[in-house]
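# Observations on the three-dimensional arrangement
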Amino acid sequence: MWKVLIADDEAIIREGIRESIDWNEFNMEVVAEAEDGEEALELALRHRVDVLFVDLSMPIMDGLTLMKYAREKLPNCHMIVITGYDEFSYAQEAIRLQVDDYLLKPTDPQRLREVVAKVKEKLEQEQKEKQYRELLTNQVQKHIHVLRQQFGMEWVAGRLTEEDIMGQLSLLGLSRSCPAQVVVIQWFSFKNQPIVSDRDRQLLLFAIEKAVSELLGDGEKIVFRDSNEFIVVISWKPISEEQCRQMETALKQHLHIRASVYIETVEGGMVGVATAYEKCKEQMVEESRLSPIVRRARQYIQKHFSQSDLTLESVAEFLNVSPVYLSRMIKQELGISFIHLLTKIRMEKAAELLLSTELPIHEIAERVGYDTQHYFSTAFKKAMGVSPNQYRRTRMISEYTD
């Protein structure tokens, strides 16, 4: 039953409204009456009423004040003004408070029926809409993983407009801000042995998705597989190169698969997620063209760049090849020298630490393989065009103003 409250300082008016119609016919019940605005507000809140009849001229608290408070506390309550002819201009102001209708004193039973019938229709429509929203929300929650996966596939494929993206983000309970990065994980079964059944393959894919989600922690993200069965992550929280390496190691140790992780920053707003995804795949293609020796050399450098004594000779010794051969292969396939490759990796890590931590410069220098702050600062300025402190300050200001 819809709950009704009648607020009027005249008992005869309250009785007239209460007795003029059969409230059951409209699925309504008069749960309370009040003779002043303050009492009416208290009763309205106590009963959480759905319909409020309000006399404009009441003692202690007038009708307009009552309606303003009621609108704040009971936003879905339907309000009907009770007024006399001499208060009609006053009633017009009440109508601007989004009241449903008004009744002139003395109340006409037929007019009352019309007003109540109209309010009942609105209440029923609102109830249907609420039930539909709840049903939709339940269905979304029930199939949230599948819906997010489908959304992610369409997003990175570039099939959605910015308006589509924003709408689906809201529906799926995701942040409407632009994601930070896209990660694509290419995986291979252990020693490239084929997976026997489709069921085993699906279980493995699910296990990879779950492992990646856990490794990346609580930051907001979508983890799904694309049409090539690569695992894709759209992340609102920046992911470090170190986390990427940790994923590769963890997948090898726990699921016995070899994985390569490619990461790109999202630029150009919501539709720039598709571009970042394509860039990850371009990285993948480029990587596939590298010889095993260069690929292993780069992976070794990415893992050991923090060692200040890391040299071409030490990497060559680990790979069991000559330094001259390794130097030539790196230059031939990557287009840069060994020292440029090492410096590039160190500078990328240093830039990440400058922005994501408050570590002093000398400690960052040590973490990326430099014995002295002076040597590090000189190398950083040469590579990035500004000193470490300037880089940190400029980027922080830029992010704040954005």
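Under an unreviewed UniProt entry, the name given to the protein chain is Response regulator, and the source organism is Geobacillus proteiniphilus.

Quick look at the packing of helix α11 (residues 292-304) against helix α12 (residues 312-319) now. Between α11 and α12, the shortest axis-to-axis distance is 10 Å and the interhelical angle comes to 120°. Relative to α12, the element α11 lies oblique. The hand of the α11/α12 crossing is right-handed. In this structure, α11 contributes Ile293, Arg296, Ala297, Tyr300 and Ile301 to the contact, and α12 contributes Val315, Phe318 and Leu319. Here the contact of α11 with α12 is composed, by residue class, of seven nonpolar, no polar and one charged.

Let us look at the packing of helix α2 (residues 37-47) against helix α3 (residues 63-73). Remark: α2 packs on α3, axes separated minimally by 10 Å, with the N-to-C direction vectors making an angle of 15°. In terms of orientation, α2 lies roughly parallel with respect to α3. As for how α2 packs across α3, the hand of that crossing is right-handed. Here Gly37, Ala40, Leu41 and Leu45 of α2 come into contact with α3, specifically with Leu66, Tyr69, Ala70 and Lys73. Partitioning the contact of α2 with α3 into residue classes produces six nonpolar, one polar and one charged.

On to the UniProt feature "modified residue: 4-aspartylphosphate" (unreviewed entry) in the protein chain. Mapped onto this numbering, the UniProt entry gives "modified residue: 4-aspartylphosphate" (unreviewed entry) at Asp55. Inspection of the secondary structure assignment puts aspartate 55 in strand β3 (residues 51-55). Residue classification places aspartate 55 among the buried positions, given a relative accessible area of 0%. The residues touching aspartate 55, leaving out its near neighbours within four places in the chain, are Ala7, Asp8, Asp9, Gly63, Ile82 and Lys105.

Each aromatic ring pair is specified by the distance between its two centres and by the angle formed by the two planes. In this structure the tally under the stated criterion is eight aromatic pairs. Plain terms: the ring middles of tryptophan 155 and tryptophan 236 are 6.2 Å apart, the flat faces sit at 50° to each other, and that makes the pair tilted. Here tryptophan 155, found in helix α6 (residues 144-156), pairs with tryptophan 236, found in the loop between β8 (231-235) and α9 (241-255); they are 81 residues apart in sequence, far enough to count as distant. According to the relative accessible area criterion, tryptophan 155 is buried, its value standing at 2%. What makes tryptophan 236 buried here is its relative accessible area of 12%. Consider the rings of tyrosine 370 and phenylalanine 376, whose centres lie 5.6 Å apart with planes at 55°: the pair is tilted. Using a relative accessible area of 0% as the deciding quantity, one classes phenylalanine 376 as buried. Members of the aromatic cluster, each reached through a chain of ring pairs, are Tyr370, Tyr375, Phe376, Phe380 and Tyr391.

The rules behind these values
Residues numbered from 1 in each chain as written. Predicted model: local features only at pLDDT ≥ 70, side-chain atom pairs only at ≥ 80, totals over all residues. Heavy atoms only, no water. Axes fitted to C-alpha atoms, helices over the stretch in contact; angles between N-to-C directions. Helix = DSSP H or I, 4+ residues; strand = E, 2+ residues; numbered from the N terminus. Parallel < 35°, antiparallel > 145°, perpendicular 65-115°, else oblique. Left-handed = near helix turned anticlockwise from the far one by under 90°. Contact = heavy atoms within 4.5 Å. Nonpolar A, V, L, I, M, F, W, Y, C, P; charged D, E, K, R; others polar. UniProt positions renumbered as here; feature names shortened; annotations may be inferred. Buried < 20%, exposed > 50% of the residue type's maximum accessible area, 1.4 Å probe, protein only. Phe/Tyr/Trp six-rings, centres within 6.5 Å; stacked < 30°, edge-to-face > 60°.

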